[in-house]
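# Examination of the molecular architecture
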Amino acid sequence: MLTLTGKNIYLRALEPEDLEFVYAVENDETVWHVSNTQTPYSRFLIKQYLENAQQDIYEARQLRLAICKHGAFRAIGLIDLFEYDPRNRRAGVGILIKDAADRSQGFGAEALELLIQYAFSHLSLHQLFANIATENEASLALFANFGFEQIGIKKQWNLVKGQYKDEAIFQRINNS
C-alpha cells in the first residue's frame, strides 16, 4: 500500500472506508467546474470506483491519494496525478482540501510537495502540469511556490454558473 509521509500529513491509497468522503467530494457542486463533473455520482458508482482503485497508474492513467493528518485515518482531502503519460513522462496534478477549516493550514502544500517528490523520483516523470481557475488565488500561489510556471491562459475555458471563466495552465519541468 502506498503511503507518503510528511511532517503533519500523510498520503495514502484510497480504501473502502473512504466511500462517504469521496461521495461527498464528488457530489459537491461547488467544485464540479474544477473536476469536469457534470452530474452527481451514486454511492454504488463510488463503491465500484473504490473497488477498482487498486489499479496501478499505468493501467488507470491516474493515481488518487487521500490526504490525512497524522494520527488519523479520515481523509481531509484528495490529491491526484491524472492524464498520466508514461511515454512522454508527464502527468497533471489536482488537489482538493474539502473543509474550509483545513485550508490555509499548510496541508495542501505538504501534500503537493510529497506528490512532486514521488512523481519525479519514483515515477521518473519529466514534467507535471496543473489547470487552475484564474480566480483561485490560493491555488495559483501554492503551485507557483513549488516552482510551477504559468505557461498560458485558456480564455473562457470553463462555464461556471452561466459565466465563462479563464483557466491558467501551470507546468513544472524536472531538470534533475
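Quantities reported herein were computed from a predicted structural model and do not represent experimental measurements.

Further remarks concern unusual backbone geometry. Positive phi, normally seen in glycine, also occurs at R61, with a value near 60 degrees. Its location among the elements puts R61 in the loop between α4 (57–60) and β3 (63–69). Accessibility expressed as a relative area gives 46% for R61, which makes it partly exposed. Even without glycine at this site, Q156 takes up a positive phi of about 45 degrees. Within the secondary structure, Q156 is located in strand β7 (residues 149–160). Overall, Q156 belongs to the exposed group, its relative accessible area being 54%.

Bridge count for β7 against strand β8 (residues 163–173) is eight bridges, and the pairing is antiparallel. Across the sheet, L159 pairs through a bridge with Y164, a residue of β8.

Right, let's get into helix α1 (residues 19–26). Buried within α1 we find L19, F21, V22, V25 and E26. Angularly, the buried residues of α1 cover 165 degrees about the axis, an arc narrow enough to put them on a single face.

With that settled, consider the pattern of salt bridges. Scanning the entire structure with this criterion turns up 11 salt bridges. E20 is the salt-bridge partner of R43, the closest N and O atoms lying 2.9 Å from each other. Of this pair, R43 sits in helix α3 (residues 43–51) while E20 sits in helix α1, and the two are 23 residues apart along the sequence. Take R43: its relative accessible area is 40%, and that puts it in the partly exposed class. Using a relative accessible area of 42% as the deciding quantity, one classes E20 as partly exposed. In this structure, D99 and K98 form a salt bridge, with 3.6 Å as the shortest nitrogen-oxygen distance. In this structure D99 comes out as partly exposed when scored by relative accessible area, which is 34%.

Looking now at the nonpolar core. Counting residues in hydrophobic clusters, the biggest one holds 35 residues, and the most contacted among them are L11, I67, L81, L125, L128, F143 and F170. Where this core is concerned, the elements lending two or more residues are β2 (9–13), β3, β4 (75–85), β5 (90–97), α5 (107–121), β6 (127–133), α6 (137–145) and β8. In terms of nonpolar packing, the next biggest core, distinct from the first, is built from 14 residues, Y10, L14, F21 and L96 among them.

Ordered by their spatial adjacency, eight strands build an open sheet running β1-β2-β3-β4-β5-β6-β8-β7, and the pairing between neighbours is mixed. Of all the strands in the sheet, just β1 (3–5) and β7 have a single pairing partner and so form its edges. Strand-to-strand twist in this sheet, taken as the mean axis angle between neighbours without regard to direction, amounts to 25 degrees. Here β6 runs beside β8; their pairing, made up of seven bridges, is antiparallel. Across the sheet, residue N131 finds its bridge partner in β8, namely I169.

Rules used in this analysis
Residues numbered from 1 in each chain as written. Predicted model: local features only at pLDDT ≥ 70, side-chain atom pairs only at ≥ 80, totals over all residues. Heavy atoms only, no water. Helix = DSSP H or I, 4+ residues; strand = E, 2+ residues; numbered from the N terminus. Buried < 20%, exposed > 50% of the residue type's maximum accessible area, 1.4 Å probe, protein only. Pairing = 2+ DSSP bridges. Arc of directions from axis to C-beta. Salt bridge = Lys/Arg side-chain N within 4 Å of Asp/Glu carboxyl O. Core = buried A, V, L, I, M, F, W, Y, C linked by side-chain atoms within 4.5 Å. Axes fitted to C-alpha atoms, helices over the stretch in contact; angles between N-to-C directions.

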